[in-house]
Structures are given as structure tokens and as C-alpha cells.
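Survey of secondary and tertiary structure
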Amino acid sequence: MRIILVRHGQTDLNVQKRLQGSSEIPLNERGREQARETHEFVVKNGLVPTKILSSPLGRAIETGAVIAGIDISGFETNSITAINKPAEIEIEPNLIEMSFGIYEQKNMEKENPEFLAECFDHPEGYKPPEGAECYDEVVARAERVIERLRTRIALDEFSEDDIIMLVSHGALSHGIFEYLKKTPREKYWDVDFNNCAIAEIFLSSDGKSDDYKFISNGFEKNW
């Protein structure tokens with residue numbers, strides 16, 4: 001059994017350096033191309049997923065479907081939701097992106113540049129805006145994802161041949177990295193996890209030797 005974590009493909013807001021958070025923002029054409037190229041990568045490397053757990057947001061669901069080779073041509077890709085998703089994809093609500101509340105979709109370099117420095121350069125002191133999540137809440141959701149997966153593995157819900165793919169977002173993925181390695185909060189953003197990057201996750205039965213490693217750096221660096 002192998003477990004891989006993938007970040008969704010590029011969106012217009014990634015390129016525009018806007019915080020999309022939990023907003024429903026679709027992949028752009030470059031994002032779909034990235035997902036198709038990642039499909040070729042997983043085929044070449046024997047990593048085609050047999051089980052997919054995805055964030056409920058359409059950009060993650062579509063990315064996962066394309067990477068897995070699932071035909072979604074009958075779905076409206078701008079509004080893929082947990083209701084009209086491909087049946088092969090299981091929705092995991094805790095994989096949704098970090099909420100940035102009232103700052104979502106805004107150009108923060110114009111709106112409040114100091115917020116960006118606090119959020120990304122000094123996450124240990126971050127104070128969320130109205131309606132947003134704090135980092136502790138994001139890491140708590142990451143913990144729920146990992147511990148639920150660990151429990152399911154212990155209950156033999158997956159076979160030895162399964163390749164489980166988690167499809168999520170930038171901030172939540174970093175929350176998973178922090179939880180696995182127990183790194184200090186100030187190092188939250190020390191690694192890049194670009195669009196369609198892939199990390200392999202290694203879970204121990206007791207959680208004492210959990211780990212991860214990057215097996216694909218994805219594509220050009222965006223938010």
C-alpha cells in the first residue's frame with residue numbers, strides 16, 4: 001500500500017497571487033494541463049491511484065479525477081461538488097483549504113501587505129481575520145485526516161495493492177507535513193508544495209515514525 005498527497009492544479013487566483021482559501025475557484029487551462037501531465041507521471045511510475053480522498057472543492061476533485069484517468073466529461077467542471085462528483089472519488093471535508101475569511105479572493109498586496117508577512121513569514125504569530133481559520137485549526141483538520149486514515153488501515157479497509165491519493169491544497173498540505181513531522185510552527189512554509197506536486201506519506205501504526213518525502217515537485221511556483 002502507498003499513500004500519496006497531491007496539491008490541485010493551477011487556478012487563475014494562484015497566478016494572480018490572491019488568497020482563494022475555501023472559495024470555489026475552478027482550475028484554469030494550465031491547471032488542467034498540469035493534471036494531465038501528472039497523470040502521465042503516475043502511470044509511468046506505477047502510482048495510478050486506486051482510492052481517492054479529495055477536498056470537496058471542485059479544483060481538487062477535478063485534479064484528482066484527471067490524475068486517476070477518470071472521465072469527467074459529463075460534469076460541469078466549474079461546479080463539481082460533493083453532490084455531482086465522479087463516484088470513484090470519496091470526499092473528505094477535512095482536506096478543504098484553510099479559510100481566509102473576509103480576505104478571500106482579494107489582492108492582499110494592495111489590501112493589506114502586512115497581513116501577508118504575518119501569515120506566511122511569521123505563522124507562529126498569525127492572527128486570522130474575521131471568518132478565517134487559525135493555523136491550529138488547520139493542523140487539527142490535518143490530524144483528523146491522518147488519524148482517520150490510520151484507523152481505516154488498521155481495520156483493513158484497504159488492500160496491500162492499493163494506492164491511496166489524497167487531493168488537497170497548499171495550506172492544508174503544509175498542515176499535514178507539520179503534523180507528520182511535528183515541526184515548529186515557524187517552519188510551516190519552509191518547503192514549497194507547488195501545483196500538482198506529489199508527496200508520499202508513510203504512516204506507522206503508533207504514529208511515532210510517521211514521515212513524508214516529495215516524489216514530484218509539481219510545476220511553476222504559484223500561490
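Since the structure is predicted, the reported quantities are computational estimates derived from the model, not experimental observations. (Residues numbered from 1 in each chain as written. Predicted model: local features only at pLDDT ≥ 70, side-chain atom pairs only at ≥ 80, totals over all residues. Heavy atoms only, no water.)

Digging into the nonpolar core
In globular proteins that are soluble, nonpolar side chains generally tend to be buried together. Inclusion rule: What is meant by a nonpolar core is a set of buried Ala, Val, Leu, Ile, Met, Phe, Trp, Tyr and Cys residues, joined one to another through side-chain atoms within 4.5 Å. The cut-offs for exposure are 20% and 50% of the maximum accessible area for each residue type, with area from a 1.4 Å probe on protein chains only; residues under the lower value are buried, those over the upper are exposed, and the others partly exposed. Working definition: helices are DSSP H or I runs of at least four residues, strands are E runs of at least two. Numbering for both runs from the N terminus. Note on contacts: a residue pair is in contact if any heavy atoms of the two residues lie within 4.5 Å.
With 36 residues, the main nonpolar core has Phe115, Tyr126, Leu166, Ile176 and Ile201 as its most contacted residues. Taken together, the elements giving at least two residues each to this core come down to β1 (2-7), α5 (113-121), α6 (135-154), β4 (163-168), α7 (170-181) and β5 (198-202). When residues no more than four places from it in sequence are discounted, the contact partners of Leu166 are Ile3, Ile4, Leu5, Val6, Leu53, Leu95, Val145, Leu149 and Ile201. Membership of the second largest hydrophobic core comes to 20 residues, among which are Ile4, Ala35, Ile52 and Val167.

Focus on the environment of Asp71
Considering the arrangement of structural elements, one finds Asp71 in the loop between α3 (58-68) and β3 (89-91). Given the relative accessible area of 58%, Asp71 is considered exposed. Measuring from C-alpha to C-alpha, the distance between Asp71 and Lys110 comes to 40 Å, with 39 residues separating the pair along the chain.

Considerations on the UniProt feature "binding site: substrate" (unreviewed entry) in the protein chain
Put simply, the rule is: UniProt positions are given in the numbering used here, feature names are shortened, and annotations may be inferred rather than shown by experiment. The rule is simple: put a 1 Å grid over the protein atoms alone, call a set of points where a 1.4 Å probe fits but cannot get out a cavity, call an open set with protein on both sides within 12 Å along at least five of seven lines a pocket, and count a residue as lining if it has an atom within 4 Å of a point.
Per the UniProt record, "binding site: substrate" (unreviewed entry) is annotated on Arg7, His8, Gly9, Gln10, Thr11, Asp12, Leu13, Asn14 and Arg59. Among the annotated residues just listed, those lining the largest pocket are Arg7, His8, Asn14 and Arg59. As for its position among the elements, His8 is in the loop between β1 and α1 (12-15). Non-local contacts of His8, meaning those with residues more than four positions away in its chain, are made with Asn14, Gln20, Leu27, Arg59, Ala60, Thr63, Ser168, His169, Asn195 and Cys196. Assignment of secondary structure puts Arg59 in helix α3. You can call Arg59 buried: its relative accessible area is 0%.

Notes on the side chain of Asn195
Worth spelling out the cut-off: Definition of a polar contact: a pair of N or O atoms within 3.5 Å, with one able to donate and the other able to accept a hydrogen when the atoms are protein atoms, and with sequence-neighbouring residues admitted only if both atoms are side-chain atoms.
By secondary structure assignment, the location of Asn195 is in the loop between α7 and β5. A polar contact of 3.1 Å, which involves the side chain of Asn195, links it to the backbone oxygen of His8. Those residues in contact with Asn195, other than ones at most four positions away along the chain, are Arg7, His8, Gly9, Gln10, Asn14, Gln34, Gly218, Phe219 and Asn222.

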